[in-house]
Every structure is written in C-alpha cells, then in structure tokens.
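Structural characterization, general
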Amino acid sequence: MADIRPDLRYTEDHEWARPDGDVVVIGITDFAQAQLGDIVMVELPRVGDRLNKGDTFGTVESPKSVSDLFAPVSGEVVEVNGALDDKPELVNSDCYGEGWIVKLRAGDAAELDALMDAGAYAKHVAEADH
Amino acid sequence: MSIATRGLQFREPLIFEVSSPGRTGHSLPASCVEASGDVALPAGLLRQDAPAWPEVSELEAVRHFVRLSQQNYGIDVGFFPLGSCTMKYNPKVNEDVARLPGFADLHPLAPTSWTQGALELYATLERYLAEITGFSAVSLQPAAGAHGEFTGLRLIREHLITTQGTPRAKVLVPDTAHGTNPATCKMNGYATVPIASADNGLVRPEDVAAVMSDDVAAIMITNPNTLGLFESQIKEIADIVHAGGGMVYCDGANMNALLGRGRPGDMGVDVMHLNLHKTFSTPHGGGGPGSGPVCVNDALEPYLPVPRVVRGADGAWTVDFDRPATIGRVKAFFGNFGMHVRAYTYIRELGREGLLDVSGMAVLNANYLRVKLGKTYNVVQDRVCMHEVVLNDKHQRRDAGVDTRDIAKAIIDQGFHPPTTFFPICVHNAIMIEPTETESKDTLDAFIEAMETIDRDARANPDGLRQAPLKPIVGRLDETRAVRQPVLRWSPKAG
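Keep in mind it's a predicted model, so treat the numbers as computed, not measured. Each chain has its residues counted from 1, following the order in which its sequence is written. Naming scheme: in the order in which they are written, chains are lettered from A and ligands are numbered from 1. Local features in this predicted model are restricted to residues of pLDDT 70 or higher, and side-chain atom pairs are both shown and tallied only at a pLDDT of 80 or more, whereas totals for entire chains, interfaces and linings draw on every residue. To get the side-chain values, all heavy atoms of the structure are used, and hydrogens and water are removed first.

Focus: the nonpolar core
All names here are of chain B. Here, nonpolar core means buried Ala, Val, Leu, Ile, Met, Phe, Trp, Tyr and Cys residues that are tied together by side-chain atoms lying within 4.5 Å of each other. For every residue, the accessible area obtained with a 1.4 Å probe (protein chains only) is divided by the maximum for its type, and the residue is called buried under 20%, exposed over 50%, and partly exposed between those limits. Leu129 and Phe280 are the most contacted members of the largest nonpolar core, which totals 54 residues. Elements that contribute at least two residues to this core include exactly α4 (116-133), β3 (191-195), β4 (216-222), α8 (234-243), β5 (247-251) and α9 (337-373). Numbering of helices and strands runs from the N terminus; a helix is a DSSP stretch of H or I covering at least four residues, while a strand is a stretch of E covering at least two. The leading source of residues in this core is α4, at ten residues. Here the bounds of each domain stem from an automatic or database domain assignment. Among the domains, domain 2 (92-348) and domain 3 (355-484) are the pair contributing at least three residues each to this core. With residues up to four places along the chain from it excluded, the contact list for Phe280 reads Leu129, Ile132, Leu259, Leu274, Asn275, Ala343, Tyr346 and Ile347. Core analysis: the second largest hydrophobic core is formed by 26 residues, Val389, Leu391, Ile448 and Ile454 among them. Throughout, a contact is declared for two residues whenever any of their heavy atoms are within 4.5 Å.

Here you go:
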C-alpha cells in the first residue's frame, strides 16, 4: 500500500507539495516511485527558473521509462536537490524526505490550496492502480 | 569454468581478454618505403603509445565473431513481435537485386549519363510511394524514420515562415504518438503540447480544438496509433488544425496496416514519413541502414531537399539542384540507395494485390493474437485492432505479483524475442505485440501457447518466473546498475 502523508498536498501526476516558510518543497509520491521502479536519473531545473503551474521542469528516469515533472504551483526555483545527481536512489528510499526534488518560491497560495489533500489523493491512487 | 553451456553454445569472452602478446593473424611483407619518421600530422595529434589491440590468430578472430553471430537473434532466427517496429521478414530477392553490380558498384558521383537505370529506379520508387500514400511528391533522402520526421517538420516550418512570416512555436503530440515525435519537435525548435487520448484510445477532435491556437504549427499524429487503433476522426482533426492555420504531420511508421486500403494524403494529412525498413521490408534493427522517405502534398513540395531526380525534355534522367525554396540537403548524395533498391523490388514483387494482402494479413494476425491472448492477458482496448495489439500485466500482477518485465523475460525462455514493453506510456506496464503478415498461423499458435505457459507458471511459481530468463547464456541483467554505473569501454586490468 502506498505511503500517503496527511500533511502534504498532491497532484494528479503523483507529485507532492509541502509549504515550508515562504517556499514550497516538491517531490514525487511513494506511489510514483514504486510505479517507476529504480530511479537512475533526476534531471533538475536551474535555480532562478520561473515556472508556471503545469510547466515541465525536469524528468525522472528509471530503466523502463522517462517521466516529466510538472510544476504543481507557479513560482521561482530557489533550490534544487543536488544530492540527487549522485544518489537518484534517494527518491526511492525517502521520497518525502531526502528525496525531495525542488523548492519553489510560490506566488499564489490559492494554487497550493487547490491541490488534492491526502484523502482525495488516496482515492486517485486507488483509481490509477489497475 | 568450462565455456560450454549447453550443446555447442559458448560463453564468449571479449576478444581483448583472449589476447596473447606476440600472437598474430597476419604476415605483411616488409615495407618497400624507407621510414623517414616524418608524418604529415601535427605533433599534438600523434599518439604516444601503441594502441592495445587484441593479439590473436586469424582462427581465433574468426571463431570469436562467428560465435557472437550465433548468439544473435534476428527475424531470420525466430519470431520477433516487437510492437510498432514491424519486424517483418526481409525477402532474399531484395538482396539479389541490391547486389546487381549496376546498383551495388555505382559511384554516387558518376555522371548521370552512366546512371540512368539507378535514377529511373529512384524516381519510380518515389512515384510508387506517392501513389501508395496519396501524396504528390516524395523525397527518398532521409536516412531513417526519425530523420524523415525531422525533415517533414522542417518542411512545415519553412512553409509557415514563407507564408505566415513565422514558424509558430508549438506542435501538438498525442500520447499515442511514437516516442520520437517530441524529440523531432525539439530538434526543430518547437515546444510540444501533449494531448491525452480518450478512454477509447483515440484522439478526440474537441481536445485538439481546445489547444489549437495561432501558436500551433502542426499536430504530429501517428496513424494507426501506438495502441494499434485507427484514428477514425483524423479528417475532423485535420480540419481543425488547418482552420487554425497549422499543418498535419502523420507518423507513417505503422503504414503496414494501411497498404492499399487507405491513403493518409486523402485524410487531410500534409506530410508523412515512411519507414522502408518497416513497411517495405528492408533490413531493420542492426541489419542495415534505415530509410525514411518523406511524402508531401503540393503546398510543401517546393521545400523538399535537393537534389531532385527529374526527367528532362529529351527523356533522360537528371538531377535538379535549382530549387530556390528548398530546405537544402538532409543527407549525403541520394540517401541510403541500397535500401531504395530493396523497397522497389518488394513493391514490384508484390504488386497491387500483394500489398493488399500484406495489410490484410498483418491486421488478421494481430487480431488473432488479440482474441487468443485475451483469454489469459488483459487487452487494453479489446475491440478490432489494426496491425498490433497492446496487452498489459493487470491479471498476472493482481493474481501472482508478476509484472510485465517478468513476463517479457520469461518469453525469452520460451524461445521468442520479447515484444515491446512499457510503451506506449499511456498504458500502465504495456506489452505491445506486432506479429506482422509474414508469420504463419503455426508460429502464432506456438507463441500463444508460450504466453499461456507463462501465465500458468506465474500462478504456480511466481518466484521462479521472477528469475527468468534461465535458459540464455546470460540471465537477467541488472538494468538499474547498468544505467547508474555503466561500463562502456574495455580497459586493461592494472598490473
């Protein structure tokens, strides 16, 4: 059963977002990492990139596929998880912690509120897993 | 450890690993030129050490490469159901014709007065392909499918710049398109806008209309698509894109299903490419270079690559470089001419009726597999398909915890090449099977039996299946480590 944390917001593309002070931390969910299998590369954006909600900002690669990462909210990239360059497997082992991907300075708090909560996401996962 | 595995199969080391200092496979005569030590190369380009070539006898070199060739699996060895790759048999008569000295020994810079036959074949093949696809002109120059895509989209770009003053910025790509299409967009400077297919596996015109704008240069649509389904609303989709001032690119890699039955040029498509190494039976997958002709309507014809092969007023064939609107060359000389000879031979061998049988049998075979395999595997769109059918591991994963990768590996133990897996990505854990028209019912039945055996094995002994393949010389590879820590080059052991 996929680990879904109550304190996070979620997207249909199986990313999570967590407000942390004035930034939003973003990663992929436990369900996503399990579906992808062993992550072998994470392509990160550059600090300073400005993203609109829905923009692709990077990719996650496993032996079976390459998946785009989509910005769950609009904002400017203020930090990327450089540790993933050498240890992409952190996304598998700790997707909600050390396996975070980017931090955005978000402009519009309403965009974050519009994302799914844990309950809605659990339902989304149940429907996707077939 | 013995190198023999079973029978006379060999665990073949790298040729570097069998090297023995001083052993040699040649005896060259002494040079008749006195070495002066002067070499006409800049000092910085001269190597300081001798290269570490393997030192083996002629017999060792012959055995090494013959053994490797025996480990190869190709269409001449067995069934190769690789979805969307059309791994059909390559008739040997193609090879006979391509080896005629008048074709095989031709110099690409020979004067046209010496090459009239080759030029006539070239122009005639273009005409055949135009007739088959319903377009007005064809360029045989692109070297393979993705190169044809690049060329085709470049023609659209050039046309938009000429007629609208802007190339526009975006290209629409459905999630059932071939994987190379987004790369083609990027290579031509376009951003891609993905379109999700509907629940029935087809692109809906209203979804195209919703994203069509002044910014959209084209839609790149694969038809039949990668779910093996015909995009039945292609004309409506084309009308929407045209009304918005864009153009329609059709990825023709799946043309095998349509030969003689439907022409993309009649469906509102402006430009498409063909894969001669798929539909027209030239070698595919390491057997030879590809060839990706691009077929266009009248609007795009002026931009085709040069040279064009044309017939002069005197009836002689000549090459025409005087095409002011051309995008230029995309390949040296005429493209992969040996492949053009093979494709021409294939079309002449089969004729109109034969090509109809190709598409008919390709579709029949795919549907035979769909119905038979549907008894044990989940068919993603379980209705009449075209040339290929997409399954997935839904039942086996649910009942036995065995997934697409395990099933694909187990197919190797059953003596077949695995199908395409994990593609298209709009299907979870896809298994994409294209039998092609060249397989007999006996072969298809053997494959069905193998797939049913795998399903039974998965339920009886899932742990065993997760170890597959057990029979080949090399078992299951560590794909994760291969990507994370690739060793791409042999280097001598230290000491």
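Concerning empty space enclosed by the protein
All names here are of chain B. Of the two site types, the cavity is a set of points on a 1 Å grid over the protein atoms alone where a 1.4 Å probe fits but cannot get out, and the pocket is an open set with protein on both sides within 12 Å along at least five of seven lines, each lined by residues with an atom within 4 Å of a point. Grid points are joined across faces, edges and corners, and a volume is the space filled by probe spheres set on the points. Enumeration according to the criterion identifies one cavity of 30 Å³ or more in this entry. Looking at the largest cavity, the residues that line it are Leu227, Arg370, Val379, Val380, Gln381, Cys385, Val389 and Val390. Residue classes follow a fixed rule: Ala, Val, Leu, Ile, Met, Phe, Trp, Tyr, Cys and Pro count as nonpolar, while Asp, Glu, Lys and Arg count as charged, and any other residue, Gly among them, counts as polar. Here the lining of the largest cavity is composed, by residue class, of six nonpolar, one polar and one charged.

What about the sheet that holds strand β7 (residues 66-70) of chain A?
Residue and element names in this part refer to chain A. Spatially, β4-β6-β7 is the arrangement adopted by the three strands of the open sheet, whose pairing is antiparallel. Strand pairing shows two members of the sheet lacking a second neighbour, β4 (41-43) and β7, which therefore form its edges. Across the sheet, the mean angle from the axis of one strand to that of its neighbour is 20 degrees, orientation sign disregarded. Note: two strands are recorded as paired if DSSP finds a minimum of 2 bridges between them. Of the strand pairs in this sheet, β4 and strand β6 (residues 56-61) are connected by three bridges, and their pairing is antiparallel. Within β6, the position partnered with Glu43 by the bridge is Thr59. Whenever a helix is involved, its axis is fitted only over the stretch in contact; in every case the axis is a line through C-alpha atoms, and angles between N-to-C directions fall within 0 to 180 degrees.

Details of the packing of helix α11 (residues 404-413) of chain B against helix α12 (residues 441-460) of chain B
The relative placement of two packed helices comes down to the angle between their axes together with the axis-to-axis distance. Residue and element names in this part refer to chain B. α12 packs onto α11 with a crossing angle of 125 degrees between their chain directions and a minimal axis gap of 10 Å. In terms of orientation, α11 and α12 fall into the oblique class. Between α11 and α12 lies a crossing of right-handed hand. Side by side, α11 and α12 meet where Ile407, Ala410 and Ile411 of the first sit next to Phe447, Met451 and Ile454 of the second. When its residues are assigned to classes, the contact of α11 with α12 shows six nonpolar, no polar and no charged. Throughout this description, any angle smaller than 35 degrees is read as roughly parallel, any larger than 145 degrees as roughly antiparallel, any in the 65 to 115 degree range as roughly perpendicular, and the remainder as oblique. Crossings are sorted by hand: turned counterclockwise from the far helix by less than a right angle, the near helix makes the crossing left-handed, and turned clockwise it makes it right-handed.

Overview of a nonpolar patch on the surface
Residues and elements named next belong to chain B. On the surface, Val39, Leu41, Leu45 and Leu46 cluster together into a nonpolar patch covering about 370 Å² of accessible area. In this structure, Leu45 sits in the segment before α1 (58-71). Here Leu45 falls in the exposed class, since its relative accessible area comes to 62%. Within the patch definition used here, like charges are joined within 9 Å and nonpolar side chains (Val, Leu, Ile, Met, Phe, Trp, Tyr) within 5 Å, considering only residues with over 30% relative accessible area and no salt bridge. A 1.4 Å probe and the Shrake-Rupley method give the accessible areas. Residues count as covered only by the protein chains that appear here. Here a salt bridge means any side-chain nitrogen of Lys or Arg lying within 4 Å of a carboxyl oxygen belonging to Asp or Glu.

Topic: the packing of aromatic side chains
Any pair of Phe, Tyr and Trp rings, taking the six-membered ring for Trp, is counted once the centres come within 6.5 Å. Such a pair is stacked with planes under 30 degrees apart, edge-to-face with planes over 60 apart, and tilted for the rest. Under the counting rule described, the total for this entry stands at eleven aromatic pairs over all chains. With 6.0 Å between their ring centres and 50 degrees between their planes, Trp16(A) and Tyr96(A) make a pair best called tilted. In this pair, Trp16(A) sits in strand β2 (residues 15-20) while Tyr96(A) sits in the loop between α3 (90-93) and β9 (102-106), placing the two residues 80 residues apart along the sequence. For Trp16(A), a relative accessible area of 0% puts it in the buried group. Given the relative accessible area of 8%, Tyr96(A) is considered buried. Taking the centre distance of 5.4 Å and the plane angle of 90 degrees together, the rings of Phe416(B) and Phe447(B) count as edge-to-face.

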